[in-house]
Each structure stands twice: as C-alpha cells, then as structure tokens.
Amino acid sequence: MKSIRKTLLLSALVLGFLGTTSLVQARDLTVALRSEPTSMDPQFHALTSNIQLSETIFDPLVRTDKNAKPIPALAKSWTVNGNVWTFKLRPGVKFSDGSPFTADDVVFTFARVPKVPNSPSSFTLYLSKVASVEAVDPLTLKITTKGPAPVLLANLSQIPIMSRKNASGPAPEGKTTVELNRGDGLVGTGPYKFVSWQRGAKIVFERNPYYWGPKPEWDKVIYRPISNPASRVAALLAGDVDLIEDPPTDDLPRLMKDKKLRIQETPSVRVIYIALNQSKSVPAGMSGTDGKNPLQDKRVREALSLAINRKAIVARIMGGVAKPAGNLLAYPAFGTSKSLAQAPAADPAKAKKLLAQAGYPHGFTVSLGSPDGRYTNDKSTALAVASMWARIGVKTNVETMTPSVFFQKRNTYAFSTYLGGWAATSGEMINPLKSLVLTRNKDLGLGTTNWANYSNPALDKLVIEASRTLDDNKRSQILQKAGEMAMSDYAILPLHFELSVWAMKKDIRYGGRSDQMTLAQNITLAK
Amino acid sequence: MVLSAIIRRLLQTVLVVLVMSALVFIGLYMIGDPVNMLASPEATQAQRELIRQSLGLNLPLWEQYFIFLSKAVHLDFGNSFLTGEPAMHLILQRMPATLELATVAMFLSMVLGIPLGIYAGLKPDSLAARSIMGGSVLGFSLPNFWVGLMLIMLFAVTLGWVPAGGRGPVVSFGPIQLSILTWAGLKSIVLPASTIAVAKCALIIRVTRAATRECLPLDYIKFARAKGLSERRVLGVHLLKNILIPIITIGGLEYGQVFAFAVVTETVFSWPGMGKLLIDSIVNLDRPVVVAYLMLAVVFLAFLNLAVDIAYTILDPRVRLGGQA
C-alpha cells in the first residue's frame, strides 16, 4: 500500500517535473519595447529602436565589445595596410533561407545604403570614409578608405549585411523599404528571423535554423511596443510580457522589492550635459553683464560647474538611476582619462569667489533651455541646476518645451545655456568630442551639435590628429589628453551618465547594454 | 431636396478640409523642423540638407502646400517622413482597431446608459436614481487615463483575469480585421472599451434622464396612459421614440469623438489604433500623417453628422434636412 502510494507520488512528481520542463521549453519570449521601430529596412533609419531589431535579424562584419573594441562577426579576421583593409569572411555562414553568405552580399549591402530613398537618417554616415568595396573571392573582401580611417571598424559594426539574392529587385535600391517592412527580402544571417509585423501591436521573430553561432535560446520572440511607461510596468506585473525596457524611475523602488521581478541597471553611453553659449556677443536670454558675455571667461564657467551638486541631482532627481559625470563618456571606455573618472565635487563658496574675481560679485542673469520629455527627468534636472546656480547669484530662467520645439530653438542659439544629451554610439571618446566641443565646421562635419560657439584650436588639432591615428594605444592617449583639455577648460559641463534599466521576470536574464539596446539574442532563461 | 442638402454638406466638408489642412501645415511648420527630429545627431550639415531635399522640405511652405494639394486631388497624401510608407495607408491599416474599440465602447454606453437614464428620469427621488446620478458625475469627471490604469491594476495585475493591454488575435474579413470574435480578443477589448464607456455612459445617462423628465409630463404620454396602454408600451415606444433625438445627437457626436481621438485610452492600453499613430506623428512632426489623419477625421465627422441628421428626419417627421422646414 505504502509503496503504491510512494510510486504514485513519485510518478506525479516526475510528471509534474516533465510538465514544467516541457512548459519551459515551449515558452516564447515577449519583450515590451519603449518605442516601435519606424521600419524593418535595416538601412532606412539609423535609430536605436530600429537598429536593435536589425541586429537580431542580421549580422555586421564586425561588432564592438563593451569597451568599443572590434570583435569578429561575419568577418573572421582583418588586416590593414595604409588605406586598404582586407577582411577574411567567416566560412560556412548561411542566410536564414539557407543560401550561402559571400563577399558579394557585402558589396551589395554597401552599395544599397546611399540608394535608399527618403531615409530620415541615412546610414551613409557610417560609410563616409569608404572609397570602394571589392569582393576579391567569395570569402575575401577589400575595402579602400579615403585616408586613414581608425573608426572604420566601429562604423562597419553599424551596418547589417543583407542578402543579394533576397534583397534584389527592380527598384534602384533592390527591395524597397515598404517591401522589407512586409518581410519581403528581409533575410539575414542573425540568430532570429522575421515572421510578421502588425503595426502598433506586435513584431514576431523566430529562431533562424541556419544560424552559424550557438543555438538561439527562444523558439519565438515577440516584441510589443508599449510606449506608455505605466502600461509597460502593468504588462510586466500582469505577466503579459517577460521583459520591459526603461521602467519609470518613480516605480523602481517598488519593482525592486517585488520578489517576482529582477532589475538590471547598466551604465549607458549617454551623457547629460549643460552647454554654455560662449559667443562674443551677448547670447539670448542673458542680462546684467554690461554688454559682455561672461561665459567667455573660464572662471565663470568653472564657477557654474562648481555650483552644481551632481551627486544631489543623481540622488534626488534621477532616483539613483544615473552616475555623476566628470567627462563626456564614462571611464573606462576607449579614450577616456582616468583622472576624469570622478565627477567634480560641488563647492558653492569657491564658485562665488571665482565669480567675484571675474568681475561679477552680484552675478548676472542667464536662460537655461531644456527639452521636456526627451531625456529621463530632463526638465526636473534643469530646474535643479537653475536653483543651484541661483545660490551663487546667477539668476537662471528655465525655459522648457517639447523636444521638437526645443531642438528648433537650440539650433538658432535661442538660449544662453541649455541642457542636452549625447549618446556616444560608437562607444569611444572621439565621438562626443567631435560632435559637441570641436569648432563648428559645416564642410568637415565637425562640431555638428556644438550649439555653444565653443572654439579651441588646440583641441581641434588634437581630435583631428586622433581621427587619423591608426595605432590604438596612441589614439587613446591623444583622446585622453583632448578630453582633459576640454574638461579643464569647462568647455561644456557634463552632469551625469544615464543608467539604462530593464525590468524582467525572475527567471529571465539580461545583462543590459551600454548602448541601451535590447537584443533578444542576449536574453536567456535562468537554468 | 435631400440630395441638394447632401451636396451642400459635401461642399462644406471640402472647405473645412482645405482650411484645416492649411492650418495644420502652418502649425507644424511653426513648431519646428522635422529634420531635427529625424536626422541622427551625428549627421553633418550636408546630410541634413540631403534629407531636407528628399522630403521636399527645402521648398517654400506655400509651394509644399500646393504640391500636397495637387497630389491630394489624386488621393495621394504623401509618404510619412518617419516610415517612408504612404501616410493614408498607415492610417487605414490601423483604422479597424480604432473603429472596433469605438463601436464596442459606444455600444456599452448606450446599452447601459439609456435604461439607467430612463429609470433615473422616471423615479428621480428614489435612492437608486440618486446613486445613478451620483455615479454619472463621478463617471465623467474621472480622468480617462486614471480610470484605465485603475482597471488595469485591478483586473489585469491583481486579479489576472484579462491582459493588461494590447489587442487579441483577429479574424479577417477581407481588409477588415475584428478581434471581438475570438475569446482572447474579447478579453482584451473589455478594459479599454469600459474605460471609454465610463465617461460616455455617464453622459448618455444624463441626457436620457433630462429628456425623459421633459417628455413625461407631455400630453401624448398622459394620453397613452389614459388609453390604458401597458407601461412597457408607453415607455418602450412613445417615450423612447421621443427621447431618442437628443440621445442620437449626443451619441453620434461622441462616437465621432471616440473614433477620431481615442488617443489616451489607446496609449494606456497600447491598443494598436490610429490615435496612437496621431500622437507619435505629432511628436515627430511627421506632417503627412498628421494632415492625412485630420482630413480623415473631418470627413468622418461630417458624414456622421449627416447620418445623425438623416436619422432625425426618420424619427421626427417635423425635422427637414437642410433646415428649410
């Protein structure tokens, strides 16, 4: 009798166990996205929400690791000789339709980039240094660059390789964006392949049976765009989804206490900064300066930096979901200086002294522009900075507005100072330096987001030298020096680095990424 | 007579569409430059100019508007800046979801609102009537998104009866896809439809009650009662027919409102309808989509009004279409 009961119990346990394991195996992954991609065409719009999906369907030639170091993907190895780069491609790689991948597909892919019509943000950005691409044999590719191009590999990592066989078509670009949005020609070598896209509702991927790497974890990956943060949290709490991007900072303490959930916080490459308009004439929104622009005086800029209590902003405004910044990119990313790893401490007393030395013992008035809703808690951060500046006598009028209006005004120098954010997508220091603090030069594409009239010829020279240096060690040293130069001149005031946050069910693992992308291939089930 | 009135309505609609599209063009132009929202922050000036040219934004505004009009005549409303797809196509793709949500929501509000309203009108001093009216005040003063989130917290998160958002599996009838025909679909639509219905139902209750109170003392009701007709017939035929006119007016307009601007509910429930598309497009200054959307909304509302007017003439022979009685 007893033994029968025991057997029954045992078999029930075994059945139960089998039941759960088969359940686990059949489980699909559902991810709630913060924003829906604008297109499935991997060359239409260089936007994080698009790129994170194309990275899952496609592979680039090379990828970059955590520290922006290039690592092999579809290219197994490479050599560089002056302006000529030779790539050995990975043998035996197949597209998700079973056709083989060859150098010819790369040539097709690169040729398609400039032909995509109406691209709101073109991938030509990443091919600007490429002069020609040539398939030497099916597994050898030769790229000739216009001059030395140390950032070539980082740039190539942004271009997913399409299939010539599948993406060719009658239009100049082959398969059009609209066709690719339907999945027509959307064939890559990546771990998952496209199944369907119902706009606004869901995007479905499934495992690519021909994937060259280790077998992907999930049979199916379902992405649901849920733009409202509270609704994303609700969907996770209700168990509808396994993982959500970017839970609101206000909800984090509560989510962290929830035993059924896990939170992943990862430092991001996005810095939030204050730009100071250093034009010769008095900038908009400034008064009480006798027709001069005090922001041209380094002592005044230093005073404004010292007035800001970065730690307090991170703790009170950002709810701890940020890291105080002393540089434009967090140490130890490529080209960042160790001496700038710590954010400067606040010292209002010294700030007041510096202001007095500069001839403004009673301060002056500035405007501080800020977008409302572009970056995490952007408006509250601007208000906090304004009150800190007011404490050293710099009266600050905060002007916040919806992002589209803000960018328009910023690009016409409508503020004396403004709050901005910059994501160094390539993960190395040259990226923020080139865009934010180099002298604005339309023709060379330098200082594209330097809307502060900052100009330092010595710094320009250093950064341009770095952009021509192929030796990684040397380049890193030059960039470290350039970063130190910009920071000690208070060219721009970094406030904090945003942390990227993911919330997921207890049994889901995702390590997070500094580029804020959610890649299904890196999401696993806890064993 | 009826035909000329309809034609006049159509001409009015065309005029409204024209004025509206011009206003939207100027309005979005003043808000900002779409290229700032679209281009990668790393893009150089030359690349920005290229985008501007390919989208036709380098032309003077009046010329852009003229090109838009000449294409719109051929029912080409331009391509979305953001997705490169035809704007009208994007909207029509999402219309069935919104239409379904609006219809279910209005159906719920009517089915609940009219009987409750009549009851409150018949026995205005009863405790039940007072609670109905109290509830209705609450119903339309509670903010939409709050009601939605509360429903989600209660029924999806705490009780786990229904999903927290999204639309269920759909059944296709040609181009139209309906989710209410599947069990999972029904479960998904209950919360968003109820969220909209809370406010709309409150309105219907108040209108119905007022109309009932107005009609009850009138002679024909007294006469019907004197004739010894059953209460059911008095209410169900004589009263209902007469109070329907204000209800249809309000109901029709509200239906149009829900259809065209279910934005908040769609956002809270991540319902894949057109309202969410509108908000995203405004934020990104995706002008072709915003213009096409509002044109569609104007046309839809105009037709809805016309349908309401025609319904009048059927319900009340004294009313003539075109206002020339």
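Visitor: Quick question: what am I supposed to make of the overall build of chain B here?
Guide: Assigned secondary structure in chain B consists of 13 helices and 2 strands. By principal-axis analysis of the C-alpha atoms, chain B measures approximately 85 × 60 × 35 Å. For chain B, the share of sequence-separated contacts (at least 6 apart) that also reach a separation of at least 24 residues comes to 72%. When the accessible surface of chain B is summed, it comes to about 15900 Å², and 71% of that surface belongs to carbon and sulfur atoms. Side chains of chain B give 24 positive and 17 negative charges; the mean places of these two sets differ by 14 Å.

Visitor: How should the pattern of salt bridges be read in this particular structure?
Guide: All names here are of chain A. Here the structure, examined in full by the defined rule, presents 31 salt bridges over all chains. Residue Asp297 pairs with Arg299 through a salt bridge whose shortest N-O separation is 3.0 Å. Beyond isolated ion pairs, a larger network of salt bridges with shared partners links Arg27, Asp242, Lys505 and Asp507.

Visitor: Mind showing me how you'd approach the environment of Pro148(A) here?
Guide: All names here are of chain A. Examined against the element boundaries, Pro148 turns out to sit in the loop between β7 (140-145) and α4 (152-156). Given the relative accessible area of 32%, Pro148 is considered partly exposed. Considering only alpha carbons, one finds Pro148 and Ser467, 319 residues apart in sequence, at a separation of 8.1 Å. Residue contacts for Pro148: discarding those within four places in its chain leaves Asn83, Lys129, Ser467, Arg468 and Leu470.

Visitor: What's the story with unusual backbone geometry in this structure? I'm lost.
Guide: Trans peptide bonds make up the majority, and among non-glycine residues the majority have a negative phi. Residue and element names in this part refer to chain A. A cis amide bond links Tyr331 with the next residue in sequence, Pro332, at an omega value of 10°. Along the chain, the position of Pro332 falls in the loop between β13 (322-324) and α11 (348-357). Its identity as a non-glycine residue notwithstanding, Asp246 has a phi of 50°, on the positive side. Phi is positive for Asp290, close to 55°, though the residue is something other than glycine. Summarising the element assignment, Asp290 is placed in the loop between β12 (261-276) and α9 (298-307).

Visitor: Looking at this model, I keep getting lost on the interface of chain A and chain B. Mind explaining?
Guide: Size of an interface, as often reported, equals the accessible area lost when the parts are brought together. Listed per partner, the contact involves 43 residues of chain A and 43 residues of chain B. On the chain A side of the interface with chain B, the three residues burying the most area are Asn118(A), Leu125(A) and Arg199(A), jointly 17% of the side's total. At the junction of chain A and chain B, the tally comes to 2 salt bridges. A salt bridge links Glu85(B) to Arg199(A), with the nearest nitrogen and oxygen atoms 2.7 Å apart. Counting every contact that joins chain A to chain B gives 11 residue pairs in polar contact (both at pLDDT 80 or more). Secondary structure elements with two or more residues in the side of chain A that touches chain B: α6 (177-181), β10 (220-225), α7 (229-237), α13 (403-410) and α14 (430-437) of chain A. Tallied by class, the residues present in the side of chain A that touches chain B amount to 16 nonpolar, 21 polar and 6 charged.

Visitor: What am I meant to see in the sheet that holds strand β6 (residues 130-137) of chain A here?
Guide: Note on sheets: strands pair through backbone hydrogen bonds, and any given pair is parallel or antiparallel. All names here are of chain A. Read from one edge of the open sheet, 4 strands run β4-β5-β7-β6, paired in antiparallel fashion. A strand with exactly one partner marks an edge of an open sheet, and here the two such strands are β4 (75-81) and β6. For this sheet, the mean inter-axis angle between neighbouring strands, taken without regard to orientation, is 20°. Examined bridge by bridge, β4 and strand β5 (residues 84-89) share 6 bridges and lie antiparallel to one another. When the bridges of β5 are listed, Trp78 appears paired with Phe87. Relative to the sheet, helix α3 (residues 103-112) contacts β5, β6 and β7, its axis offset from that of β6 by approximately 160°.

Visitor: How should the packing of aromatic side chains be read in this particular structure?
Guide: Any aromatic ring pair is given by two values, namely how distant the centres are and how the planes are angled relative to each other. Applying the stated rule across the entire model yields 19 aromatic pairs over all chains. Aromatic pair Trp502(A) and Tyr510(A): ring centres 5.2 Å apart, planes at 80°, arrangement edge-to-face. Just as Trp502(A) is buried, Tyr510(A) falls in that class too. Arranged with centres 5.3 Å apart and planes meeting at 45°, the rings of Phe25(B) and Phe68(B) form a pair that is tilted.

Visitor: I keep staring at the packing of helix α8 (residues 183-215) of chain B against helix α10 (residues 231-260) of chain B and nothing clicks. Help me out?
Guide: For any two helices packed against each other, one specifies the inter-axial angle together with the distance between the axes. Residues and elements named next belong to chain B. Running from amino to carboxyl end, α8 crosses α10 at an angle of 155°, the nearest separation of the two axes being 9 Å. Judged by the inter-axis angle, α8 sits roughly antiparallel to α10. Classified by chirality, the crossing of α10 by α8 is right-handed. Judged by residue contacts, Ile196, Lys200, Leu203, Ile204, Val207, Thr208, Ala211, Thr212 and Cys215 of α8 engage Leu239, Asn242, Ile243, Pro246, Ile247, Ile250, Gly251, Glu254 and Val258 from α10. Its residues assigned to classes, the contact of α8 with α10 shows 12 nonpolar, 4 polar and 2 charged.

Visitor: Mind showing me how you'd approach a nonpolar patch on the surface here?
Guide: Together, Val14(B), Leu15(B), Leu18(B), Val19(B) and Leu23(B) make up an exposed nonpolar region whose accessible area comes to about 470 Å². Within the fold, Val19(B) resides in helix α1 (residues 2-31).

Visitor: What is the right way to read the side chain of Glu85(B) from this model?
Guide: Within the secondary structure, Glu85(B) sits in the loop between α4 (61-72) and α5 (87-122). Here the side chain of Glu85(B) touches Arg199(A) through a polar contact of 2.7 Å, side chain to side chain.

Visitor: It is not clear to me how the confidence of the model for chain B should be interpreted in this structure. Could you clarify?
Guide: Parts of the prediction with low pLDDT should not have their coordinates interpreted in detail. The pLDDT averaged across chain B works out to 87; a share of 98% of its residues lies at or above 70. Interface confidence for the predicted complex, expressed as ipTM, amounts to 0.81; the pTM equals 0.84.

Visitor: Mind showing me how you'd approach α14(A) here?
Guide: A turn of α-helix holds 3.6 residues, and therefore any two residues three or four places apart point the same way. Taken across its 8 residues, α14(A) has 7 buried, putting it largely inside the fold. Close packing links the buried residues of α14(A) with β12, β16 (417-423), α15 (457-467), α16 (472-488) and β17 (492-505) of chain A.

Visitor: It is not clear to me how the nonpolar core should be interpreted in this structure. Could you clarify?
Guide: Within the largest apolar cluster, 119 residues are counted, with the highest numbers of intra-cluster contacts made by Ile274(A), Trp389(A), Leu433(A), Val437(A) and Ile91(B). For Leu433(A), the contacting residues outside a window of four places in its chain are Leu328(A), Leu438(A), Val463(A), Leu479(A), Ala482(A), Gly483(A) and Ala486(A). Of all hydrophobic cores here, the second largest spans 61 residues; its members include Phe95(A), Tyr223(A), Ile508(A) and Met517(A).

Visitor: Please explain the side chain of Arg167(B) as it appears in this structure.
Guide: All names here are of chain B. Positionally, Arg167 belongs in the loop between α7 (144-158) and β1 (171-173). In this structure the side chain of Arg167 is engaged in a polar contact, spanning 2.9 Å, whose partner is the backbone oxygen of Gln177. If sequence neighbours within four positions are ignored, Arg167 has contacts with Pro96, Ala97, Glu100, Gln177, Leu178, Ser179, Ser188, Trp271 and Pro272.

Visitor: How should the pairing of strand β9 (residues 202-207) of chain A be read in this particular structure?
Guide: For a regular strand, side-chain orientation follows a simple rule: the groups alternate between the two sheet faces. All names here are of chain A. Judged from the 6 bridges that link them, strand β8 (residues 192-198) and β9 form a sheet pairing that is antiparallel. Following the sheet pairing, Ser196 is matched in β9 by Val204. Where β8 hands over to β9, the hairpin turn is made up of 3 residues, of which Gly200 adopts a positive phi near 80°. Where β9 lies against β10, 4 bridges are found, and the strand directions are antiparallel. By the bridge assignment, Phe205 is partnered in β10 with Val221.

Visitor: Can you help me understand the confidence of the model for chain A in this one?
Guide: In the predicted model, chain A carries a mean pLDDT of 90, and the fraction of residues at 70 or more is 95%. Per-residue pLDDT stays below 50 along residues 6-25 of chain A; that stretch engages in 2 contacts with residues further than four places along the chain or on separate chains.

Visitor: Can you walk me through the state of the cysteines in this structure?
Guide: Each disulfide consists of one covalent bond between the sulfur atoms belonging to two cysteines. Residues and elements named next belong to chain B. All told, the structure shown has 0 disulfides over all chains when counted by the stated rule. For the unlinked cysteine Cys201, the closest cysteine sulfur is that of Cys215, found at 20 Å. Looking at Cys215, the relative accessible area reads 8%, which means it is buried.

Visitor: Whenever I open this one, the packing of helix α12 (residues 274-283) of chain B against helix α13 (residues 287-315) of chain B confuses me. Can you help?
Guide: Residue and element names in this part refer to chain B. Relative orientation of the contacting elements α12 and α13 amounts to 140°, with a least axis distance of 8 Å. With respect to their mutual orientation, α12 and α13 come out oblique. Considering only the axes of α12 and α13, their crossing is left-handed. Between α12, through Met274, Gly275, Leu277, Leu278, Ser281 and Ile282, and α13, the contact on the second element is made entirely by Val289, Val290 and Tyr293. Along the lines of polarity and charge, the residues of the contact of α12 with α13 split into 7 nonpolar, 2 polar and no charged.

Conventions adopted
- Residues numbered from 1 in each chain as written.
- Chains lettered and ligands numbered in written order.
- Predicted model: local features only at pLDDT ≥ 70, side-chain atom pairs only at ≥ 80, totals over all residues.
- Heavy atoms only, no water.
- Helix = DSSP H or I, 4+ residues; strand = E, 2+ residues; numbered from the N terminus.
- Contact = heavy atoms within 4.5 Å.
- Areas by Shrake-Rupley, 256 points an atom, 1.4 Å probe, with all protein chains shown as cover.
- Lys, Arg positive; Asp, Glu negative; His and termini not counted.
- Charge placed at Lys NZ, Arg CZ, Asp CG, Glu CD.
- Salt bridge = Lys/Arg side-chain N within 4 Å of Asp/Glu carboxyl O.
- Buried < 20%, exposed > 50% of the residue type's maximum accessible area, 1.4 Å probe, protein only.
- Buried area = accessible area lost by both parts, 1.4 Å probe.
- Polar contact = N/O pair within 3.5 Å; in protein donor to acceptor, adjacent residues only side chain to side chain.
- Nonpolar A, V, L, I, M, F, W, Y, C, P; charged D, E, K, R; others polar.
- Pairing = 2+ DSSP bridges.
- Axes fitted to C-alpha atoms, helices over the stretch in contact; angles between N-to-C directions.
- Phe/Tyr/Trp six-rings, centres within 6.5 Å; stacked < 30°, edge-to-face > 60°.
- Parallel < 35°, antiparallel > 145°, perpendicular 65-115°, else oblique.
- Left-handed = near helix turned anticlockwise from the far one by under 90°.
- Patch = residues over 30% accessible without salt bridge, like charges linked within 9 Å, V, L, I, M, F, W, Y side chains within 5 Å.
- pLDDT = per-residue confidence, 0-100.
- Core = buried A, V, L, I, M, F, W, Y, C linked by side-chain atoms within 4.5 Å.
- Disulfide = S-S within 2.5 Å.

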